Amino acid sequence: MFVVPASQHGQHGVHSPSKFVVDVWLVIMRYLSVLDIVRLGSTCRTLHEFASLRHVWRDVLFQHRFLDQCYPHLRSCTAEDIRHQLKTAARLDHLWTQPSIVPKRLYTFPLDFPGVFQGLKFLPGGTWLVLLFHCRNLNPSRHSNLCLMKPSTGAVFPAVSTTFQSEMCWLPFLDQDGPYKSSRGDNLILLRTKCNDGSNAFGIVHLNTKIPSITIPLIFRTNVFVRNYAASGDYIVYGWITADRRHFLRIMQLNDNYDGFRKDMTVEIDCPKGHDGKLRIRYDLRLSGRVPCILLVSTRLMAAYNIPSNVPNSVDANLPPLLTPFWQLRPAAVTFGRFVKLFHEGAIVSLYEGQIRFIRPHLDASEPNTYAIEKYNFHPARPQNSQWPCLFSAQRIFWRSSLHNQKGATSPWQMIIETSAVPENVHREDRVLIDLQETQTSAPSASTRIVQDWDELSGRLCIRSIQSRFTQDPRCRKTTWRVTLVDFV
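Residues numbered from 1 in each chain as written. Predicted model: local features only at pLDDT ≥ 70, side-chain atom pairs only at ≥ 80, totals over all residues. Heavy atoms only, no water.

Looking at an unreviewed UniProt entry, one finds the chain named F-box domain-containing protein and attributed to Suillus discolor.

Here it is, written out as structure tokens:
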């Protein structure tokens, strides 16, 4: 921690602005941590003004290991918002270095809706939740329903909510669907579905928390076989491969009202032979760098392509222009491993030889094709398969496991949530979060807890509970839902 020397108090008087050189203090603050800058700003009025300058916190944001890359909308926020976000991140990082993590707050509320659950996600910031479900009772055509709600710790839940019934039946949420922030700070979700005619439909959902309201200002379709897609900021991209093994991308940029495209181009990307066939392909959008980029990820290749500002010229007027990668990485072994998750801004989580690996490409580095890999080994070893209930975020892992009680205990078992940080540190044991409401009652029931979502901006974890009562008699079976929110800071 930086402390103003006592000699400065006595000789010059710490409240005299003329004795402070702004440029010198700005250089000093570049070498201080977030919490040290906050402490420095509390010493006197002049230093408080220096420590409140927006470019001070923008510089700290740019130096953060992942906030600037994962949440590019923070660049356009006010100095106070950036400062608050960096303080939250610093407190979370400090908490994860402790031998034991104790949540600051934990509360549970019912989640009642007459339908089939399709997804529950935090809006960036953790204050609002968006729910997607189907209900044949409300809509015989099984069109989707979207619910935007603001949880409350008071007696009334939710504090605010609104529901929107779509004219289409959307598929469940995936990681690349969002929610995410546009360039103007609005909350968006990309939904997709399969139509009866075989085409793919995508919908842009605008979640307005000020009113609140839910709208779908744009729905577009395509008849190609979409290999995968990605959405972030104002950009949407999806790709497909032709019969002659040519790889095409459609790149779209939304307009200010999200009801049309400011930019809509189709390009062909240059892929090495053997990497554009039947392999699983994913895309990512990187918007925090100097130029917006598209990252292609397969089990044998990672490649980055710059999004052109205008449609480049093509050698053949009848063919799309060709984009060549400015960065690419091929593993020394045969494969990167099975992908567990793909983050926005170019970071992937893979499972290879029983080890979780975070692969982060350095697309803006001076050295070509540079990257970093952070590894994590679970201790003790746990079964790692495609159905393993685990939640990954930019720097953290959450998973659930059973905690068997001793013989003679009133309840047969409890469910516990364990967590760890990536990369791993020396404090990796006893990282357990116990929800005391997990214990079973004497009534015949079965409880399933799912680590639903994590919001890095607020340090809030969402745990979804399904309780089925009277499971022995299907005629009396009843399903109830509960959501537990865990605050860490």
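Having seen it, we continue.
Of the regular secondary structure elements, the chain holds 7 helices and 29 strands. Each of the 489 residues in the chain was classed as buried or not, and the buried ones make up 52%. Contacts in the chain between residues at least 24 apart in sequence constitute 50% of all its contacts with a sequence separation of at least 6. Surface exposure of the chain reaches about 24000 Å², of which carbon and sulfur atoms provide 51%. (Helix = DSSP H or I, 4+ residues; strand = E, 2+ residues; numbered from the N terminus. Buried < 20%, exposed > 50% of the residue type's maximum accessible area, 1.4 Å probe, protein only. Contact = heavy atoms within 4.5 Å. Areas by Shrake-Rupley, 256 points an atom, 1.4 Å probe, with all protein chains shown as cover.)

Counted by the stated rule, this structure contains 13 aromatic pairs. Among the aromatic residues, those joined into a cluster by ring pairs are F202, F220, Y229, Y238, W240, F248 and F261. In this arrangement the basic side chain of R396 is found over the ring face of W96, its NZ or CZ atom lying 4.6 Å from the centre. (Phe/Tyr/Trp six-rings, centres within 6.5 Å; stacked < 30°, edge-to-face > 60°. Lys NZ or Arg CZ within 6 Å of the ring centre and 35° of its normal.)

As a further point, take the packing of helix α5 (residues 54–63) against helix α7 (residues 79–95). In contact at an axis separation of 9 Å, α5 and α7 are set at 35° when each is read in the N-to-C sense. The hand of the α5/α7 crossing is left-handed. Here α5 contributes R54, W57, R58, V60 and L61 to the contact with α7, which in turn contributes A79, I82, R83 and L86. Of the residues contributing to the contact of α5 with α7, the split by class is 6 nonpolar, no polar and 3 charged. (Axes fitted to C-alpha atoms, helices over the stretch in contact; angles between N-to-C directions. Left-handed = near helix turned anticlockwise from the far one by under 90°. Nonpolar A, V, L, I, M, F, W, Y, C, P; charged D, E, K, R; others polar.)

If you check which residues of α5 are buried, you get V56, W57, V60 and L61. The buried residues of α5 all sit within an arc of 135° when viewed along its axis, so they share a single face. For α5, the elements touching its buried residues are α2 (22–29), α3 (34–41), α4 (45–50), α6 (67–70) and α7. (Arc of directions from axis to C-beta.)

To continue, consider the sheet that holds strand β18 (residues 327–329). Pairing in this open sheet of 4 strands is antiparallel, and the strands run β14-β15-β16-β18 from one edge to the other. Each edge of the open sheet is held by one strand with a lone partner, namely β14 (282–286) and β18. On average, each strand axis in the sheet is inclined to that of its neighbour by 15°, with strand direction left out of account. Where β14 lies against strand β15 (residues 293–298), 5 bridges are found, and the strand directions are antiparallel. Across the sheet, L285 pairs through a bridge with I294, a residue of β15. (Pairing = 2+ DSSP bridges.)

Before going further, it helps to examine the pattern of salt bridges. Per the stated rule, a full pass over the model turns up 16 salt bridges. Where E374 meets R360, a salt bridge forms, and the shortest distance between an N and an O atom there is 3.5 Å. Here R360 lies in strand β21 (residues 355–361) and E374 lies in strand β22 (residues 371–376), a separation of 14 residues in the sequence. We note a salt bridge from R460 to D487, for which the minimum N-O separation is 2.6 Å. Here the residue R460 occupies a position in strand β28 (residues 460–469), and D487 occupies one in strand β29 (residues 478–487), the gap between them amounting to 27 residues. (Salt bridge = Lys/Arg side-chain N within 4 Å of Asp/Glu carboxyl O.)

What follows is about the pairing of strand β2 (residues 116–122). Most of β2 sits inside the fold, with 6 of its 7 residues counted as buried. Bridge count between β2 and strand β3 (residues 129–134): 6 bridges; the pairing is antiparallel. Each residue of the ladder has a partner; that of G119, found in β3, is L132.

For the bond running from G178 to P179, omega is 5°, close enough to zero to count as cis. Looking at the secondary structure, you find P179 in the loop between β5 (160–165) and β6 (180–181). Omega for the peptide link from I211 to P212 comes to -10°, which places this bond in the cis form. A positive phi angle is found at R245, which is not glycine, with a value near 65°. Secondary-structure assignment places R245 in the loop between β11 (235–241) and β12 (247–254). For R245, a relative accessible area of 43% corresponds to the partly exposed category. Even without glycine at this site, Y258 takes up a positive phi of about 60°. Looking at the secondary structure, you find Y258 in the loop between β12 and β13 (261–269).

Side chains of a nonpolar character, in soluble globular proteins, are inclined to be buried together. Membership of the largest hydrophobic core comes to 28 residues, with the highest contact counts inside it found for M29, I37, W57, L67, L74 and L86. When residues of this core are traced back to their parent elements, those giving at least two are α2, α3, α4, α5, α6 and α7. Broken down by element, the residue count for this core peaks at 5 residues, all from α7. In contact with W57, other than residues within four places in its own chain, are V34, I37, V38, A51, S52, A79, I82, R83 and L86. Core analysis: the next-biggest nonpolar cluster, separate from the first, contains 20 residues, L249, I251, A303 and I307 among them. (Core = buried A, V, L, I, M, F, W, Y, C linked by side-chain atoms within 4.5 Å.)

Among the residues making up α2, those that are buried are W25, L26 and M29. Each buried residue of α2 lies within a common arc of 105° when the element is viewed along its axis, so the set occupies one face.

Per-residue confidence for the chain averages 79 on the pLDDT scale, and 77% of its residues sit at or above 70. A low-confidence stretch, residues 436–445 stays under pLDDT 50, and its non-local contacts, those more than four residues away or across chains, total 19 contacts. (pLDDT = per-residue confidence, 0-100.)

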